[in-house]
Amino acid sequence: MSVGVLCAVRGQGETGVVTALDGASGQLSVERRCADLAELLAAAAAGVGALAVVSADLPHLDRDAVAQLHLAGVRVLVLTEPGPGHDERMLALGVDAVLGGSVSPAALVAAVLALAETGGTSGAPAARPASTAPAGGEPTARPVASDDGSAASDDGAESGPADLAPAPAGLVVAVWGPAGAPGRTTVAINLAAELTALAPGGALLVDADTYGGTVAQLLGMLDESPGLAAAARAAGQGGLDLAALARLTPRLLPGLRVLTGISRANRWPELGEAALEVVWERARDLAAWTVIDCGFCLEQDEALSYDTRAPRRNAATLSALEAADVVVVVGSGDPVGIQRLVRGLADLALLPTAGAARRLVVVNRLRASAAGPRPGASVRESLARYAGVRDPHLVPDDRLAVDAATLRGTALRESAPGAPARRAIAALAAAIAAQPKVPHAPVPARGRRARRRGAGR
């Protein structure tokens, strides 16, 4: 039985590729000669072929397009031109195999057959991605890029972007909370600042709220050029390496970097899930801790109802929760906030990867005026009874200290180190940092998308 192949090769070599594949002794069959990416995606979605042979210069070929082909069950082999960097960029898009330079018909057929049989990478050897540590072991000093793109090691020595080397994989902390402004952004900012003080590798704070991200405003930063959107664009084109991410993340405090979010809510389509998966992986190499401020909504949008791939408003939040090693769930310390927190914990438990990350519950803005004369005991009793949470972290309502930090555009540890809210968040950071630093194995991207596709049927 022959394997169906979709061909989207540009230029004069297209005829030779089709002839070679069709002449493979009946093992391969070119089912469709696609003129552009749209035709290739349509054929893949219709189940016409199982493999795709594509030119590297096919217009609009990016990581999201490769993800759509994988969603349709189509493996991708890319033909690249001779020259440095082409193979690495294609592999960064998530393709399954790369053939570089001029190849003979026999070599092309062998590569396609190997991909059909094993599903692994054939052709050119897989280039070591930017997120892989060098074979020589851990670097002695973690390089951190400065705002202008140069790098500085922890000992203060300056170096250029080329000297950036990936450090041992850091951990991802997703800060999520239900609707109702429970103060998750304030918790995320101060948690990142506290983790920076505890980890020699520093921390990266990311604003991934696609509804109302305010990290830049609270820290007094300009937000005309959202760093997360720029990082996602670079990742989609296979160009997000460690130096590129460092240039997009200015340092706010010593050891603390910030990746600002989208400045307007209607820009959410710029944050594609396939690209964000790469951003989270690169973030692990840039900092010991990556703290992601997530949006409140967990709905999976079109993925629940359709088999086609469509942009998802909540892709940033869902992908951050999937990548997280620790999920910090933030609720407000009042009757409405506790009710929303209980329901939010139930919704969070229904996510496919809910059990992969460690979960910590934070009750923010705790005050006697809203929760009774013994607010801590009342909140603990309610969460234990209705959500099975017996060890919530309580952050007292400290409006004066938080307002002062907002006015100065900094974290509580800088503006009010003795404030009760700061001490509570510092204890939360210590509890997170005390756990073994072993990143959990995320669900493979292709498996996640296949599962979501099946859920919509």
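Counting of residues starts from 1 at the beginning of each chain's written sequence and follows it residue by residue. With the structure being a predicted model, the display of local features is reserved for residues of pLDDT at least 70 and the display and counting of side-chain atom pairs for 80 or more, all residues being used for whole-chain, interface and lining totals. Side-chain metrics rest on all non-hydrogen atoms present in the structure, leaving aside hydrogens and water.

### Topic: the environment of Pro335
Stage number 1. Strands here are runs of E lasting at least two residues and helices are runs of H or I lasting at least four, both read from the DSSP assignment and numbered beginning at the N terminus. Secondary-structure assignment places Pro335 in helix α12 (residues 335-349).
Stage number 2. Remark: the alpha-carbon pair of Pro335 and Gly372, spanning 37 residues in sequence, is separated by 10.0 Å.

### With respect to the confidence of the model for the chain
Stage number 1. Confidence of the predictor at the level of single residues is given by pLDDT, which spans 0 to 100. Of all residues in the chain, 81% attain a pLDDT of 70 or more, and the chain-wide mean is 83.
Stage number 2. Here residues 120-163 is modelled with pLDDT under 50, and outside its nearest four sequence neighbours on either side it reaches 94 contacts, counting other chains as well.
Stage number 3. Counting interchain partners and residues more than four positions distant, the pLDDT-below-50 stretch residues 445-457 has 30 contacts. In this description, contact between two residues means that some pair of their heavy atoms is separated by no more than 4.5 Å.

### Section: the packing of helix α1 (residues 13-22) against helix α5 (residues 105-118)
Stage number 1. Angular values range over 0 to 180 degrees, each being the angle between N-to-C directions of two axes fitted as lines to C-alpha atoms, with helices fitted over their stretch in contact. It is the contact of α1 with α5, at a shortest axis distance of 9 Å, that shows an interaxial angle of 60°. Taken together, the axis directions place α1 and α5 in an arrangement best described as oblique. Here α1 runs over α5; the crossing is right-handed. In this structure, α1 uses Val17, Ala20 and Leu21 to contact α5, whose residues at the interface are Pro105, Leu108, Val109 and Val112. Just so you know how the angles are binned, under 35 degrees is roughly parallel, over 145 roughly antiparallel, 65 to 115 roughly perpendicular, and the rest oblique. By convention, the crossing between two helices is left-handed when the near helix turns anticlockwise from the far helix through less than a right angle, and right-handed when the turn is clockwise.

### Some thoughts on the pattern of salt bridges
Stage number 1. For salt bridges, the criterion is a side-chain nitrogen of Lys or Arg within 4 Å of an Asp or Glu carboxyl oxygen. Inspection of every chain in the model, using the stated rule, returns 11 salt bridges.
Stage number 2. Residue Glu281 is joined to Arg284 by a salt bridge in which the shortest nitrogen-to-oxygen separation is 3.7 Å. In this pair, Glu281 and Arg284 are both assigned in helix α10 (residues 273-286), 3 residues apart and thus about one turn of the helix distant.
Stage number 3. We classify Arg284 as buried; its relative accessible area is 5%.
Stage number 4. Each of Arg233, Arg267 and Glu270 takes part in salt bridges that share partners, so that together they form one network. The buried label goes to any residue with under 20% of its type's maximum accessible area, the exposed label to any with over 50%, and the partly exposed label to all in between, with areas taken from a 1.4 Å probe on protein chains only.

### Considering unusual backbone geometry
Stage number 1. Here His60, not a glycine, exhibits a phi torsion of approximately 70°, which is positive.
Stage number 2. Tracing the backbone through its elements, the reader meets His60 in the loop between β3 (51-55) and α3 (63-71).
Stage number 3. Look at His60 and you get exposed, because its relative accessible area is 69%.
Stage number 4. Look at Arg365: it is not a glycine, yet its phi comes out positive at around 55°.

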